[in-house]
Amino acid sequence: MSTLSLYLRYAVRSFVRGRTRSLFGAFCVAVGVASIVALGLAGGNFKSAVTANAQKQNRGDVSIVPPASGLTLRQIGLIEQMKARRQITDYTTTMRDDALIRDSRRQSTSTVGSITGVDPQKFPFYDAVTADAPTGVPLTRLLSQPGDAVVSHSTFATLHLRLGATIHVDSRQGFTHAYTVTGIVPDSAIGTGLQAALFDDFVMVDISSMKGYFHGLDVGATSVYLKTSDAAHAAGAKRTLTHTLEGLSTIQTVADVQKSSNDSAASMNIFFRISGLVAVIIGGIGILNTMLVAARRRTKEIAVLKSLGLKGRQVMVVFTLESLVLATGGVVVGVALGIAASLAVNGVTESISAYSIPWSLQAGPIIAGAAVGFAATVLFGYFPILRASQARPVSALRSDSLGLPRQGRIRTGLLVLGLAGIMGYLAVLYTGLVAGPQALLYGIIGGIGALIAAGALTQLFVLIVWATSKLPSMGRLSARMAFRSMGTNKRRLGSTLLALSIGILSIGSSTILAQNIKDFAAQSINNTQHINVAIQMSHSAAATSRLDAELLRLPGLEQRKYGAIAGASVLASVDGTPTATLVRRALAHHSATTDTLQTAAAKMRGIEGRNLGISQYTLTTKAGRNLDKRDVGTDHMVVSADVATPLGISVGSRLVFSEGNSHVPFTVVGIGAKNNFTIFGANIADLHYMQRMGLTTATQSHATVVYLQIKDSALQSDITVLRRALPHALVLDLGKFLTMFNGAIDKLALFPQIIAALSLFAGAVIIANTVALAMLERRREIGVLKAVGAKRRTILQFLFVENAIVGFIGAGVGVLLAMVVTVVADQQLLKISPSFSLVTIVPLIVLGMALSVGAGALTALPASSEKPMNVLRYE
Amino acid sequence: MATALNIYAAGFVPGAAPAAIEVHQITKEYGEGDSRVQVLKGVDLTIARGEMLAIMGPSGSGKSTLLGAISGLDTVTSGQVIINGTDITRLGENALARVRNRNIGFVFQTFNLISTLTAQENVELPVLLDRKSSFNPSKRAQELLDLVGLSHRRKHRPGQMSGGEQQRVAIARALANDPEVIFGDEPTGNLDSTNGEAVMQLLTDLKEETGKTLVLVTHDPRIAAQCDRAVYMHDGRFLDDADVQQSMRSSR
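## Some details on the overall build of chain A
Phase 1: Counting its secondary structure elements, chain A contains 27 helices and 20 strands.
Phase 2: A burial count over chain A gives 54% of its 875 residues as buried.
Phase 3: Total accessible area computed for chain A in this model is approximately 36200 Å², and 62% of it derives from carbon and sulfur atoms.

Right, dumping it as C-alpha cells:
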C-alpha cells in the first residue's frame, strides 16, 4: 500500500513538474472527451426532438405527399369518397408551386422560392402555425382576407418588406398574383424536413387564391393531410390509398413518421459518434506524442530509478499512474468543454433543420466521454510507457544520454497491433456500426487497418519532411535552419502532420464538396445556356410583339433565343406501353425506388421547344446526342435521364406525350444527363415540330420562353425595365437561382463543418503541443543563437518559417486527401464531375499554416525572450 | 595564421576606450522578498586590451554569473559594464544582440553547438546573423576551421565529433566576427587533459598572435597560471591581492 502511495505521489509530482507539457497532454485528452460529450449530448437532444411530436410533424394522422406533378382532381375525389364512407374523419389539401417572389415597389428585388396555399381553418390538424410577427397571431387571422399572405423570415429580409407591403408572386406557368403581407411565420410552418429549412424563401396563402397558378393543369393538390378516429383507421386509410394512388405518393401515418424519425436519429447518432472518434484519434496522437517526449526527456531519471533497483514493470506502473493523472485532468476539462460545445452544436442543428431542439443534460454521454478519455489515454500512452520501462540503468552515468533503447521490436510490434485491434473493437462497439459477433472481427480488422493507414501516412510525412529538408536553402539562413531542424525531428513531425492533415481533411472535404456542387450548378447554367435571364409569358401574339418591342429598346441585350413550353403535356406511353404500366412494373420488380419514380414523374410533365434553326443548345448527354440544326422539323427529342432510366427509355424509343385529347409522338435521339440544368422543361424538342403538332397554341398551359443574354453592367436595370413593361411575365434573373442554390448548399455544409471544426481544433491543440514540446527542447538552441548575437526577431523568423513549412505540408496533404474524398463522393454518390477551385483550397492551406504558425508563436514567444545565460546554465 | 585575423574589423575603433572592459559596482540578485539571494555584491573590474584574465573561485562564488553579466548574456541588478566605451547595461534587446554578435565571442563548457548544423555552418552562423558583415561567411568559416585545425571536419555535425573537436569548432565560431573579447566559461571543463591542453594552447596562441582580450572562468589553477592575471571570487566579491597571492601559493 505504501509503495502504491509512493508511486502515486511520484506520478502526481511528475505531472505537476511537467507544467506546460502536462497541461498540453491533458488538453489532448480534453479535446477527445469534449467531442464525445458534445456530440453525444447533441445526438440525444436531437433524438428526443425528432421523435417527440410525430403527430405534429405529420400534420395529421396520415400525410400524402405526391410527386411534384401533384394529385389529380380524380384522386382528390377518391379521398372525398373515403370521407363520405367515414374511413377518415376529415382531410385538408395544400397546393405548392415554385415561385418568383417580388416586391411590388422595387421591380428588381426578387427571390426564388415557393408559394403554398393552405386552408387556414384546418391546416395543420395538429400543432398550430402562429406568426413570429405580429407575435402569436394564428393563421386563421393572418389569412382572413383573400389577398393575405404570410412570408418566411428569409423572404421578409431579402425583399426588405414591411407588414402591409404588397408582393407579386409569379408561378412557373406565367401566372402572377398580388398579395398583402400580414405576417412572418417560422420556417417550420411549411414543414419540419430538411428541404423546408434549406429552401426557406416562401409565401403562404389561402388555397382558394391559388387556383390560377394551376390553370389548365389537372392538379387537385400537392399535399393532403388526413384526420382519422384512431391509429387503426389511419393504417387502413394508408392501405387503401397505397392501392388507389398507384404507389408513387409518399403516404405516412404517425407510426411511420415515428419510425423514420427513430431511424434518422439513429443514423445521426452514428455520424455524431464517428465524428467524436475522429477527434479522439487526433487527441490520441497528441497523448502518444506527449508521453513519448515525457519518457524521452526523463530517460536519465528512469535510469537512475532503475539503478536504485526499480524494475521495468514498476516503471510502467509509475508512468501509467502519471498518465491516469493526466487523463483525470483532461476528463474534467473535457466534460466542461463538451457541455459548452453541445450548446453550440444544438444551435446549429436547430438553425438548419427547422426542428426546435430542447437542450437537456444527460448522464450517458458524459460517462461515455470520461470512459473513452481514460481508455484512450491508457491505450495511446501504453507504447511510450513501454519504451520508458526499457531504459537501461547505464544511461544514468552518461551526461549526454538521449533516446530510449529499441528492444524487442517484434514483441513491441505485436503489442501495438493487439492494442490497435482492441481500439478498433471498442470503436465499433461505441459507434454501433456493426452488431453481433461480426463486430469483433470488423473491429479488429478496422483497428489494424487504421493503424496501418496511419502508419503509412506518417511514413509518407516523414518522407516529405526528409525531402523538404534536402531542399536548397537559396542562401537564406532561416530556410536552412528550418530545413535542418525539420530533418532532425522528422519522426515527431510525422505524427504532428498526421494530426493536422486529419483535421484539415475533415473540414476540407465538406468545404470542397460544397464548393464543388456550387461550381457544378454554376457551370451547368453557363455551359448549357450562355444566358443570364429567362422570360416566361403566356403564349399570345400580342404578348410576343410587346416583348419584341421591349427587347429592341434594351441597352444591355446581347443575345436572345426563343422557345415554347408545352407545360401540360405528360408522357403517356413508351414504345406503345402506357407509362402507368411501366411505373407499376418498375415498382413490382423493384427495378426503381419510389424516390426515383417520384423524380421521374415530376419530369414526365412538360416539353420545352427550342428554336434549333437559329440557336445551338448544348446539354450534357448520357447517351445519344444533342439536338441541332438537322433536327429542325423532326420529332426528335432529348429526354431527361431521370425519366429515361427508371422507365427503360433508350435512344430510338418512341414516346407519346398527351395533352387533353391530342397525342404527339416523339423519337428519342439523346438522353440528357441526370443533373442537367434546365429551367422550364427536362425534355427538349424542336419548336417547329411542336408548333405543327399544336403544342404551342395560345392556352394557359402553353407559354413562350425567351432566353436572353444581357451585359452584366446593364443586368439589374434591364430586368427592372422588363418587369415594368411585362407585368404578367415571369422574368427570371438566373443568378438568383445560383444564389438560392448556393445558400442552401452553404447551410447544408455548415453542420458537418461545425463538427469537423472540433477535430480541426483537436489538430490545432496537437500542433501547439508538439511545437511547444519542441520549443522546450530547443530552449538551449535559442539560447545559443542569442549568445552568438541573434536578435529575438531573427529567432522568431526562423521558427515562423519552420512552422509555416510544417503547416503547409500538413494542410497540403490534408487538402489532397479531401480532394480524393470529394472525387469519390462526386462520382459515386452525386454523379457530378469534380472541379476544384483555388478559392476553397488556398484558404484551407492558409488555415493549416496559420494554426501551425500560431501554435509555434504561442510557445516560441516566451522562449525567445529568455536571457541566454538562464537557458544555457540552468536548463 | 595571424594575417587571417583582422583586429580592426567589425567596427572596432582603436583608442576609443583605454580598457577593453570596465566593470563598476555591479550587483546581481535573484528571487524576491525572503528568498532573495545576492550573487554579485558590488564588483569592480578593469580588463586591459589584449589581457588574458582568469576568474577563479569555488562553486557558487558567483564567477559564472559575473561572466554572464559582463558578456551581455545576462542582465545585472545595478552597476555598469562598459565594453569598448559602451555601457551595455543600458542597451536595448536588439543593440545588446548586436554587441554579442560583433564585439564578443563566447566559449561554453558544454560547447553548445547547434546540433542540426555542420561544423562549417555553425561557424558561419554569427557572420550570417550580421547583415553588415564584411566577411564572406563560407570563406571566413573555412579560414577559421583551418586555424583550429579542423578543415577536414567541415561537413560533420556536432554529434559526429569528439568533445575536443566540438570545443575547437566553438572557438572558431567565437572568432567568426573577429570580436575584441572572447569569454570562456570553463572551456576545458568537459574535456580530457590532452584535449584540454590543446584547447588552452589554441587560446593562448590566439592571444599572442592577435592580441585578443580573453576572459576565462576556471577551476583549474594550471589554466589560471597561463593567464596574465587571475582574480579570485568568494561569496560574490573579489578577494584582495594579498588573499589572492595567498590563495595562489596554497594552490601550487
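## What to know about the packing of helix α3 (residues 119-129) of chain B against helix α5 (residues 163-175) of chain B
Residue and element names in this part refer to chain B.
Phase 1: Interhelical geometry of α3 versus α5 gives an angle of 25 degrees and a closest axis separation of 7 Å. Judged by the inter-axis angle, α3 sits roughly parallel to α5. With respect to the hand of their crossing, α3 and α5 are arranged in right-handed fashion. Counting all contacts with α3, which are made through Ala 119, Asn 122, Val 123 and Pro 126, the residues of α5 involved are Val 169, Ala 172 and Arg 173.
Phase 2: Split into classes, the residues belonging to the contact of α3 with α5 amount to 5 nonpolar, 1 polar and 1 charged.

## Comments concerning the side chain of Thr 511 of chain A
Residues and elements named next belong to chain A.
Phase 1: Counting through the fold element by element, Thr 511 comes out in helix α16 (residues 490-529).
Phase 2: In this structure the side chain of Thr 511 is engaged in a polar contact, spanning 2.7 Å, whose partner is the backbone oxygen of Ile 507.
Phase 3: Beyond its immediate chain neighbours, meaning those up to four positions away, Thr 511 contacts Gln 753 and Thr 840.

## Some remarks on the nonpolar core
Phase 1: Within the largest apolar cluster, 49 residues are counted, with the highest numbers of intra-cluster contacts made by Phe 319, Phe 461 and Met 486 of chain A.
Phase 2: Here this core spans two domains, and each of domain 1 (1-55 + 256-407) and domain 3 (471-530 + 734-875) of chain A adds at least three residues to it.
Phase 3: Apart from residues lying up to four places away in sequence, Met 486 of chain A is in contact with Val 465, Thr 468, Leu 493, Glu 802, Ile 805, Val 806 and Ile 809 of chain A.
Phase 4: The next biggest cluster of nonpolar side chains, apart from the first, holds 38 residues, and it includes Val 148, Ile 171, Ala 174 and Ile 182 of chain B.

## Points about the packing of aromatic side chains
Phase 1: Inspection of the entire model under this criterion finds 5 aromatic pairs over all chains.
Phase 2: Residues Phe 123 of chain A and Tyr 225 of chain A carry aromatic rings whose centres are separated by 5.7 Å and whose planes lie at 55 degrees to one another, so their mutual orientation is tilted. Of the two residues, Phe 123 of chain A is situated in the loop between β3 (110-118) and α5 (139-142) and Tyr 225 of chain A in strand β8 (residues 223-227); the sequence distance between them amounts to 102 residues. Comparing Phe 123 of chain A with Tyr 225 of chain A, the two get one shared label, buried.
Phase 3: Members of the aromatic cluster, each reached through a chain of ring pairs, are Phe 657, Phe 666 and Tyr 689 of chain A.
Phase 4: Above the face of the Tyr 91 of chain A ring, Lys 122 of chain A is positioned so that its terminal group lies 5.9 Å from the ring centre.
Phase 5: The positively charged end of Arg 140 of chain B is found above the aromatic ring belonging to Phe 135 of chain B, 4.0 Å away from the centroid.

## A few points about the interface of chain B and chain A
Phase 1: Contacts between the two partners involve 29 residues from chain B, matched on the other side by 25 residues from chain A.
Phase 2: At the boundary of chain B with chain A, total buried surface from both sides reaches about 2600 Å², with 59% on carbon and sulfur atoms.
Phase 3: Here chain B and chain A share 5 salt bridges between them.
Phase 4: Note that Lys 867 of chain A and Asp 74 of chain B form a salt bridge whose closest N and O atoms lie 3.9 Å from each other.
Phase 5: Across the chain B-chain A interface, the total number found is 6 residue pairs in polar contact (both at pLDDT 80 or more).
Phase 6: Taken together, the elements giving at least two residues each to the side of chain B that touches chain A come down to β1 (19-30), α1 (63-71), α2 (93-102) and α3 of chain B.

## Some words on the sheet that holds strand β7 (residues 181-185) of chain B
All names here are of chain B.
Phase 1: Sheet architecture is open: 6 strands sit in the order β6-β7-β8-β3-β9-β10, paired in mixed fashion. Sheet topology places β6 (104-107) and β10 (237-238) at the edges, where each strand pairs with a single neighbour.
Phase 2: Against the sheet, α1 contacts β3 (52-56), β6, β7, β8 (213-217), β9 (229-234) and β10, and its axis sits at roughly 155 degrees relative to β7.

## A closer look at the confidence of the model for chain A
Phase 1: In this model, chain A carries a mean pLDDT of 80, and residues with pLDDT of at least 70 account for 88%.
Phase 2: When pLDDT is averaged over each element of chain A, strand β4 (residues 148-152) of chain A comes out on top at 93 and helix α7 (residues 194-198) of chain A at the bottom at 60.

## Let's talk about helix α8 (residues 231-244) of chain A
Residues and elements named next belong to chain A.
Phase 1: Compared with an ideal rise of 1.5 Å per residue, which puts 14 residues at 20 Å, α8 spans 20 Å between its outermost C-alpha atoms and is within 8% of the ideal.
Phase 2: Along α8, the residues that are buried comprise Ala 234, Gly 236, Ala 237 and Leu 241. Within α8, the buried residues cover an arc of 165 degrees as seen down the axis, which keeps them to one side. Away from the buried face of α8 by more than 90 degrees, exposed residues Ala 231, Ala 232, Arg 239 and His 243 are located.

## Section: the pattern of salt bridges
Phase 1: Tallied over the entire structure, the rule returns 28 salt bridges over all chains.
Phase 2: We note a salt bridge from Arg 654 of chain A to Asp 635 of chain A, for which the minimum N-O separation is 2.8 Å. Of this pair, Arg 654 of chain A sits in strand β16 (residues 654-659) while Asp 635 of chain A sits in the loop between β14 (621-624) and β15 (636-640), and the two are 19 residues apart along the sequence.
Phase 3: Relative accessible area serves as the criterion here: at 39%, Arg 654 of chain A is assigned to the partly exposed category.
Phase 4: Where salt bridges share partners, they join Arg 480 and Arg 484 of chain A together with Glu 121 and Glu 124 of chain B into one cluster.

## Looking at the side chain of Gln 75 of chain A
All names here are of chain A.
Phase 1: Among the secondary structure elements, Gln 75 is positioned in helix α4 (residues 73-84).
Phase 2: Only 2.7 Å separates the side chain of Gln 75 from the backbone nitrogen of Thr 72, close enough to count as a polar contact.
Phase 3: Excluding residues within four positions of it along the chain, Gln 75 makes contact with Gly 70 and Leu 245.

## A few points about the packing of helix α14 (residues 438-469) of chain A against helix α15 (residues 477-488) of chain A
All names here are of chain A.
Phase 1: Running from N to C, α14 and α15 point in directions that differ by 145 degrees, and their axes come no closer than 8 Å. Judged by the twist between their axes, the crossing of α14 over α15 is left-handed. Between α14 and α15, the residues in contact are Val 465, Thr 468 and Ser 469 and Phe 483, Met 486 and Gly 487, respectively.
Phase 2: Split by residue class, the contact of α14 with α15 holds 3 nonpolar, 3 polar and no charged.

## Structural notes on the pairing of strand β1 (residues 62-65) of chain A
Residue and element names in this part refer to chain A.
Phase 1: Relative to β8, β1 is paired through 3 bridges, and the arrangement is antiparallel. Among the inter-strand pairings, Ser 63 is bridged to a residue of β8, identified as Tyr 225.
Phase 2: The pairing of β1 with strand β9 (residues 250-253) spans 4 bridges and is classified as antiparallel. Residue pairing for β9: Val 62 is matched across the bridge by Thr 253.

## Overview of the sheet that holds strand β5 (residues 86-87) of chain B
Residues and elements named next belong to chain B.
Phase 1: With respect to topology, 4 strands assemble into an open sheet ordered β2-β1-β4-β5, the strand pairing being antiparallel. A strand with exactly one partner marks an edge of an open sheet, and here the two such strands are β2 (37-48) and β5.
Phase 2: As judged from the 2 bridges shared by strand β4 (residues 78-83) and β5, these two strands associate in the antiparallel manner. Residue pairing across strands places Ile 83 opposite Thr 86, the latter belonging to β5.
Phase 3: Contacts between α1 and the sheet are confined to β1, β2 and β4, with β1 contributing the most and set at about 120 degrees to the helix.

## Looking at the confidence of the model for chain B
Residue and element names in this part refer to chain B.
Phase 1: When pLDDT is averaged across chain B, the result is 84; 88% of the residues are at 70 or more.
Phase 2: Mean pLDDT across the elements of chain B ranges from a minimum in helix α8 (residues 241-251), with 59, to a maximum in β8, with 93.
Phase 3: Counting contacts from residues 1-17, a segment whose pLDDT is below 50, to residues more than four positions away or on other chains yields 30 contacts.

## Topic: unusual backbone geometry
Most of the time, phi is negative for any residue but glycine, and the peptide bond is trans.
Residue and element names in this part refer to chain A.
Phase 1: That bond from Phe 123 to Pro 124 is cis: its omega, -15 degrees, falls within 30 degrees of zero.
Phase 2: Within the secondary structure, Pro 124 sits in the loop between β3 and α5.
Phase 3: Across the junction of Ala 133 and Pro 134, the peptide omega takes the value -10 degrees, indicating a cis bond.
Phase 4: Relative to the assigned elements, Pro 134 resides in the loop between β3 and α5.

Definitions and cut-offs
Residues numbered from 1 in each chain as written. Chains lettered and ligands numbered in written order. Predicted model: local features only at pLDDT ≥ 70, side-chain atom pairs only at ≥ 80, totals over all residues. Heavy atoms only, no water. Helix = DSSP H or I, 4+ residues; strand = E, 2+ residues; numbered from the N terminus. Buried < 20%, exposed > 50% of the residue type's maximum accessible area, 1.4 Å probe, protein only. Areas by Shrake-Rupley, 256 points an atom, 1.4 Å probe, with all protein chains shown as cover. Axes fitted to C-alpha atoms, helices over the stretch in contact; angles between N-to-C directions. Parallel < 35°, antiparallel > 145°, perpendicular 65-115°, else oblique. Left-handed = near helix turned anticlockwise from the far one by under 90°. Contact = heavy atoms within 4.5 Å. Nonpolar A, V, L, I, M, F, W, Y, C, P; charged D, E, K, R; others polar. Polar contact = N/O pair within 3.5 Å; in protein donor to acceptor, adjacent residues only side chain to side chain. Core = buried A, V, L, I, M, F, W, Y, C linked by side-chain atoms within 4.5 Å. Domains from an automatic or database assignment. Phe/Tyr/Trp six-rings, centres within 6.5 Å; stacked < 30°, edge-to-face > 60°. Lys NZ or Arg CZ within 6 Å of the ring centre and 35° of its normal. Buried area = accessible area lost by both parts, 1.4 Å probe. Salt bridge = Lys/Arg side-chain N within 4 Å of Asp/Glu carboxyl O. Pairing = 2+ DSSP bridges. pLDDT = per-residue confidence, 0-100. Expected span 1.5 Å × (residues − 1). Arc of directions from axis to C-beta.

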